[in-house]
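Here's the letter readout for the chains.
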Amino acid sequence: MEIPEGVVYNEYCKFDSVRLSVMTKEYLSDDWKASMQLSFDFNHMMADFAADARAAVRSDLRKAAHNLEGKDLEKVQEAVAVLSDPPGRLLKKNFVEPRELKALSGRLVKAQHAVQESRGSIEKMMMWTELPYNQAEVVADINETAAAIREKFDAFVVLGIGGSALGPAMVQQAMNNLRHNELPAAKRGCPKIYVEDNVDPERMVSLLNLLDLDKTCFNVISKSGNTSETMSQYLIVSDLLKQRYGKNYGEHMILTTDAAKGNLHKIGVADGLKMFVVPDGVGGRFSEMCPVGLLAAAVAGIDIEEMLAGAASMDARCQSDDYLKNPALFAAGAMICAMEKGLNIHVMMPYADSLKYMADWYAQLWAESLGKNVHRDGTPCAAGQTPVKSLGVTDQHSQVQLYTEGPDDKVITFLRVADFRSKITIPVGCEEFPDVSFLCGKTLNELLDAELHATEYALLKAAKPSWMITLPEVNAYTLGQLMYFFEMQTAYAGELLDVDAFNQPGVEEGKNAAYALLGRKGYETKAIELDARPESDTRYVL
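Residues numbered from 1 in each chain as written. Predicted model: local features only at pLDDT ≥ 70, side-chain atom pairs only at ≥ 80, totals over all residues. Heavy atoms only, no water.

K.L.:
Quick one: what's the story with the sheet that holds strand β6 (residues 253–257), residue by residue and with numbers?
P.N.:
Strand order in the open sheet formed by five strands is β4-β3-β5-β6-β7, and the pairing between neighbours is parallel. Unpaired on one side and paired on the other, β4 (192–196) and β7 (274–277) mark the two borders of the sheet. Each strand of the sheet is rotated relative to its neighbour by a mean of 20 degrees, with strand direction disregarded. Pairing geometry for β6 and β7, over four bridges, is parallel. Paired with T256 across the strands is F276, a residue of β7. Helix α10 (residues 228–245) rests against β3 (155–159), β4, β5 (216–221) and β6 of the sheet, and its axis sits at about 150 degrees to β5. (Pairing = 2+ DSSP bridges. Helix = DSSP H or I, 4+ residues; strand = E, 2+ residues; numbered from the N terminus. Axes fitted to C-alpha atoms, helices over the stretch in contact; angles between N-to-C directions. Contact = heavy atoms within 4.5 Å.)

The following block contains the structure:
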């Protein structure tokens, strides 16, 4: 197929085999790093800006009204009415007032100091803070292993769940061609990548029917080695591999697990499998920038050193305890203020398909870290904010109606990309239809960005808060920044809420119940608890 006129790929070859042989290490240049710094715009979260912006629009509309009549005048009058309700002084209901952040500043300083003091602590599950700095040897090993996998295999399958899958899936979506697995091998330049994060039998069968085992490498990820979902996948896949390759099945399998203990570690030692280590003190939802996520990224030819450099650059921005200089601290403070106002839903809305799964990854990070029913001293609470994933522009046509006119219980976070890796110009046509032809000559890039800013304005007009993160472009460096930003924001928020942001007792309860239902030894008491439940009342079964 010939590339149509008006389509510019902007070095889209970065997504194929060319990328694997050309890693320019641009992130070593200070000028390039400065040009790739993320920006954070909190204006649409702030009550003073919202009041001033709405007043300015009202003023201009009233001036314009002097020269209008009929339906045009009615539209302007309706807009003025909307922009006047609620009046500026009442915007504090939904928006954050500067004085509220200032009043919170003492707690913000303490939160930043607490996170800094806990850096690298295994006991406090804070070793993730050091991942940008302490992995030189393992990164070299990962890159060497990844090169061998690309040489030998046509498919690379990640078997994991939770952070072991959401992170790899998010990075692959962001960095690969969006049709990666559909491209011919010569265009891909690396294996097809599959991330299997569920135990739906139809999904597993469909994958196994698709794969050529001779050309497939599996990466089994579980630190404990007793994750039911992952180990069930392991048992199915290893059985197939053993049937075909016998003792050599390990040539098609890599384990990512604990350094010294657990079932997978024992299997790896006994069968001589290649293993990578999930570091102690790194929880699953914080693990994308260790071997959990770096191996799959490297197999796809992503520069994992650049990703870690991006994380380090964001870490540098988070060294200040001044929330006006530390974007993650500002974001944490603003969201805490929002929660205290009853805005307990956080919608993440990327306006880029490449960042679609960032919302999924963040949902686990934010929900599992902050959703707690006790403070760290054991006193009860009901902490947390429900994350919701959305996608611009798709969900403008499914969710934005709720966000603009529904309950005052949401904050919207937009993810914007300034420079996409492709550009398509909309061709001339449909000249007889003015409501279509106005698009001609513009690019899809312009259309997407216009719709983003239009949605941002619609929310402001409706007195609903939002904020925006802009990536200069999507690359390994900006992705590393964004991940580390969200991790730091979450850690700060945990301090501000006084909850343990690094455990997940609610998840463990569900796991234990499942073990009991399946007859796992040692869970007999839990089975008694479950068996004590009464049968469902037939009145409520329809």
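Here the narrative resumes, following the displayed structure.
K.L.:
Residue-level account of the nonpolar core, with values.
P.N.:
One recurring pattern in soluble globular proteins is that nonpolar side chains are buried together. In this structure, W128, M358, W467, I469 and F486 are the most contacted members of the largest nonpolar core, which totals 102 residues. Tallying contributions element by element places helix α19 (residues 476–497) first for this core, with 13 residues. If sequence neighbours within four positions are ignored, F486 has contacts with M348, M358, W361, Y362, L365, L415 and I469. (Core = buried A, V, L, I, M, F, W, Y, C linked by side-chain atoms within 4.5 Å. Buried < 20%, exposed > 50% of the residue type's maximum accessible area, 1.4 Å probe, protein only.)

K.L.:
Summarise the packing of helix α3 (residues 47–65) against helix α4 (residues 70–83); cite the residues concerned and give the values.
P.N.:
Contact pair α3 / α4: the axes reach a minimum separation of 10 Å and the direction vectors enclose 160 degrees. Between α3 and α4, the angle falls in the class roughly antiparallel. As α3 packs across α4, the resulting crossing turns out to be left-handed. Each of R54, V57, R58, L61, R62 and A65 in α3 lies in contact with α4, whose residues at this interface are L73, V76, A79, V80, V82 and L83. Grouping the amino acids of the contact of α3 with α4 by side-chain chemistry returns nine nonpolar, no polar and three charged. (Parallel < 35°, antiparallel > 145°, perpendicular 65-115°, else oblique. Left-handed = near helix turned anticlockwise from the far one by under 90°. Nonpolar A, V, L, I, M, F, W, Y, C, P; charged D, E, K, R; others polar.)

K.L.:
Tell me about the packing of aromatic side chains, and name the residues and values.
P.N.:
Applying the stated criterion to the full structure yields 15 aromatic pairs. The interplanar angle of 55 degrees and the centroid separation of 5.8 Å between the aromatic rings of Y323 and F330 together place this pair among those described as tilted. Like F330, Y323 is buried. The structure contains a cluster of three or more aromatic residues connected by ring pairs, namely F40, F42, Y323, F330, Y362, W366, W467, F485 and F486. (Phe/Tyr/Trp six-rings, centres within 6.5 Å; stacked < 30°, edge-to-face > 60°.)

K.L.:
How would you summarise the sheet that holds strand β12 (residues 466–471) if you had to cite specific residues and measurements?
P.N.:
The strands that make up a sheet are held in pairs by hydrogen bonds between backbone atoms, and each pair lies either parallel or antiparallel. The mixed open sheet is built from five strands, whose spatial order is β2-β12-β10-β8-β9. Here the strands that pair on one side only, and so sit at the sheet edges, are β2 (39–41) and β9 (386–389). Neighbouring strand axes in the sheet, compared pairwise and without regard to direction, differ in orientation by 20 degrees on average. Relative to β12, β2 runs antiparallel, the two sharing three bridges. Within the sheet, the bridge partner assigned to F40 lies in β12 and is I469. With respect to the sheet, helix α15 (residues 356–370) is in contact with β8 (345–350), β9 and β10 (410–417), its orientation differing from that of β8 by roughly 155 degrees. Along the sheet, α19 contacts β2, β8, β10 and β12; its crossing angle with β12, the most-contacted strand, is approximately 145 degrees.

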